[in-house]
Amino acid sequence: QVQLVESGGGLVQPGGSLRLSCAASGMIFNIYAMGWYRQAPGKQRELVATITRDGSTNYADSVKGRFTISGDNAKNTVYLQMDSLKAEDTAVYYCKLDRRDANNYWGQGTQVTVSS
């Protein structure tokens, strides 16, 4: 089993910043990538950003230039620095871990609310 523990969500004003963290534990061998996805009310879950074990990153167009994903392989932790937050960034943010054997795992989600 794999456990993913997310933290860092909360309420922030438009233009503000938040930093999400996701720590992986358990059967975390052969990791290919970790990433962040989000789901707003009434919408499908969508990719936000991913990072491979060797550091290659991928971002949704809607967050490019505002969000930065990073990882600490030694701690099996991935971070998402979110700057210049907008109301449309409001969603539940989920951490995902992809293993090279095609198994993937999700965290429980953390709420991010951008509102004045």
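Each remark here, short or long, concerns the structure printed above.
Since the structure is predicted, the reported quantities are computational estimates derived from the model, not experimental observations.

This brings us to the nonpolar core. With 31 residues, the main nonpolar core has Leu4, Met34, Trp36, Leu80, Met82, Tyr93 and Leu97 as its most contacted residues. Those residues in contact with Leu4 that lie beyond four places of it in its chain are Cys22, Ala23, Ala24, Met34, Cys95, Lys96, Leu97, Tyr105, Trp106, Gly107 and Gln108.

This part covers the environment of Tyr59. On the secondary structure map, Tyr59 appears in strand β6 (residues 57-59). It is 4.3 Å that separates the C-alpha atoms of Tyr59 and Ala49, two residues lying 10 residues apart in sequence. Not counting the four nearest positions on each side in its chain, Tyr59 is found in contact with Leu47, Val48, Ala49, Lys64, Phe67, Thr68 and Ile69. Polar side-chain contacts of Tyr59 include one of 2.9 Å to the backbone nitrogen of Ile69.

Before going further, it helps to examine the state of the cysteines. Inspection of every chain in the model, using the stated rule, returns one disulfide. With a sulfur-sulfur separation of 2.1 Å, Cys22 is cross-linked through a disulfide to Cys95. Between Cys22 and Cys95, the S-S dihedral sits near -80 degrees, and the bridge is therefore left-handed. With Cys22 in strand β3 (residues 18-26) and Cys95 in strand β9 (residues 91-99), the pair connects residues that are 73 residues apart, well separated along the chain.

Conventions used here
- Residues numbered from 1 in each chain as written.
- Predicted model: local features only at pLDDT ≥ 70, side-chain atom pairs only at ≥ 80, totals over all residues.
- Heavy atoms only, no water.
- Core = buried A, V, L, I, M, F, W, Y, C linked by side-chain atoms within 4.5 Å.
- Buried < 20%, exposed > 50% of the residue type's maximum accessible area, 1.4 Å probe, protein only.
- Contact = heavy atoms within 4.5 Å.
- Helix = DSSP H or I, 4+ residues; strand = E, 2+ residues; numbered from the N terminus.
- Polar contact = N/O pair within 3.5 Å; in protein donor to acceptor, adjacent residues only side chain to side chain.
- Disulfide = S-S within 2.5 Å.

Interpretation in functional terms is not warranted from these geometric data alone.
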